[in-house]
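# Coordinates in review
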Amino acid sequence: MLVLHAISGPDPGDVASVPSRLDFDAQASVRALRVGYFRDWLKVNPATAVDRAAVETLKNVGMVPVELSIPDWPYGSLQLILFAEAAAAFEDLALSGGLDQLKVQTPDAWPNIFREARFLSAVDFVQADRLRRKVAIEMAHIFSQVDLLLVPSLRDEMLTITNFTGHPSLTLRAGFVEVKKARSDWAPDPAHTLPTFSSPRRVPYGVTLIGRLFDEGKLVSAGMALEQSFGVADQRPPGF
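Below you will find a few notes about this structure. (Residues numbered from 1 in each chain as written. Predicted model: local features only at pLDDT ≥ 70, side-chain atom pairs only at ≥ 80, totals over all residues. Heavy atoms only, no water.)

Locating Pro188 in the fold gives a position in the loop between strand 4 (169–181) and strand 5 (196–211). C-alpha separation for the pair Pro188 and Ala28, spaced 160 residues apart in sequence, amounts to 46 Å. (Helix = DSSP H or I, 4+ residues; strand = E, 2+ residues; numbered from the N terminus.)

Right, dumping it as structure tokens:
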């Protein structure tokens, strides 16, 4: 909230910025806040037992879990907008050959995305932008029913949706999971395989809250209450 307070408000140098307020009361009660969740998402990967337990923790702090549903739309198609805009921003790097100097060159790494984006059609871009508007309207409908959303942090749909609708999110430590292999956001690189561990490693795991547009204060109040109830934020490995 300290950082958000420093950057809140319109930016004279950005024609897309708008006046906004940042309302936050550290003593505000979270009781009766309605928190939506998608039950089907909690049943399958990447959701874990930590995600499912978090829904029960909502009740413990006085918030009200509300089961919701979301349309099964091709949310991944929104990525076309990101790819086109990113390729345009780094066009000089592409045309000068500078992309060849970047380290990660796997099929889904940014250098190849910048190259491929030059072959996107204008029709596809317009259709993706229309889907973006449709998704924004659906999110407004969802938030007419609840104050917040609780979602698995690694669920691709919500990560993509909020990247294109601007809804604020807060990820907080909620428990621990055991992993047997290191994870990467990039596609597998045969030349640099990810390490596996001889015995599973216990690592922190976070859940994510999504808030209404320009309503970060309520988002943080809920996060503070949940983090205190989870009781895991202060745990450290030996030596830290």
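So much for the structure itself; the text now carries on.
What follows concerns the side chain of Thr160. If you trace the backbone, Thr160 turns up in helix 8 (residues 156–165). Residues within four places of Thr160 in sequence aside, it is in contact with Tyr75, Leu78 and Gln79. (Contact = heavy atoms within 4.5 Å.)

Relative to the helices and strands, Val232 is located in the segment after helix 9 (216–230). Through-space distance from the C-alpha of Val232 to that of Arg173 is 6.7 Å; in sequence the pair is 59 residues apart. If near-sequence neighbours (up to four positions away) are discounted, Val232 is found in contact with Arg173, Ala174, Gly175 and Phe176.

Another aspect to go through is the sheet that holds strand 1 (residues 34–38). Taken in spatial order, the five strands line up as 2-1-3-5-4 in an open sheet, and their pairing is mixed. With one partner strand each, in any of the chains shown, strand 2 (64–68) and strand 4 form the two edges of the open sheet. Averaged over all neighbouring strand pairs, the angle between strand axes comes to 25 degrees, with direction disregarded. Pairing between strand 1 and strand 2: five bridges, direction parallel. What sits directly across from Arg34, in strand 2, is Val64. On the sheet, helix 9 packs against strand 3 (148–152), strand 4 and strand 5 and is oriented at approximately 40 degrees with respect to strand 4. (Pairing = 2+ DSSP bridges. Axes fitted to C-alpha atoms, helices over the stretch in contact; angles between N-to-C directions.)

All right, on to the packing of aromatic side chains then. In total, this model carries five aromatic pairs according to the counting rule given. Seen in terms of ring centroids, Trp73 and Tyr75 are 6.2 Å apart; in terms of plane orientation they differ by 45 degrees. Their pairing is tilted. Each member of the aromatic cluster is reached from another via a ring pair, and the members are Phe83, Phe90, Trp110 and Phe114. Sitting over the ring of Trp73, Lys134 keeps its end group 4.5 Å from the ring centre. (Phe/Tyr/Trp six-rings, centres within 6.5 Å; stacked < 30°, edge-to-face > 60°. Lys NZ or Arg CZ within 6 Å of the ring centre and 35° of its normal.)

This next bit is on the nonpolar core. Within the largest apolar cluster, 25 residues are counted, with the highest numbers of intra-cluster contacts made by Met63, Leu150, Val207, Leu209, Leu226 and Phe230. Top element by residues in this core is helix 9. It accounts for five residues. For Phe230, the residues in contact, after removing those within four places along its chain, are Ala54, Thr57, Leu172, Arg173, Ala174 and Val207. Core analysis: the next-biggest nonpolar cluster, separate from the first, contains 21 residues, Trp41, Val66, Val135 and Val151 among them. (Core = buried A, V, L, I, M, F, W, Y, C linked by side-chain atoms within 4.5 Å. Buried < 20%, exposed > 50% of the residue type's maximum accessible area, 1.4 Å probe, protein only.)

Okay, the packing of helix 3 (residues 49–60) against helix 9 next. Each packed pair of helices is defined by two parameters, the angle between the axes and the distance between the axes. Direction vectors running N to C along helix 3 and helix 9 enclose 110 degrees, while the axes themselves pass 10 Å from each other. Taken as axis vectors, helix 3 and helix 9 run roughly perpendicular relative to one another. Here helix 3 contributes Ala54, Thr57, Leu58 and Asn60 to the contact with helix 9, which in turn contributes Leu226, Ser229 and Phe230. Taken together, the residues of the contact of helix 3 with helix 9 sort by class into four nonpolar, three polar and no charged. (Parallel < 35°, antiparallel > 145°, perpendicular 65-115°, else oblique. Nonpolar A, V, L, I, M, F, W, Y, C, P; charged D, E, K, R; others polar.)

Read these as spatial facts, not as claims about activity.
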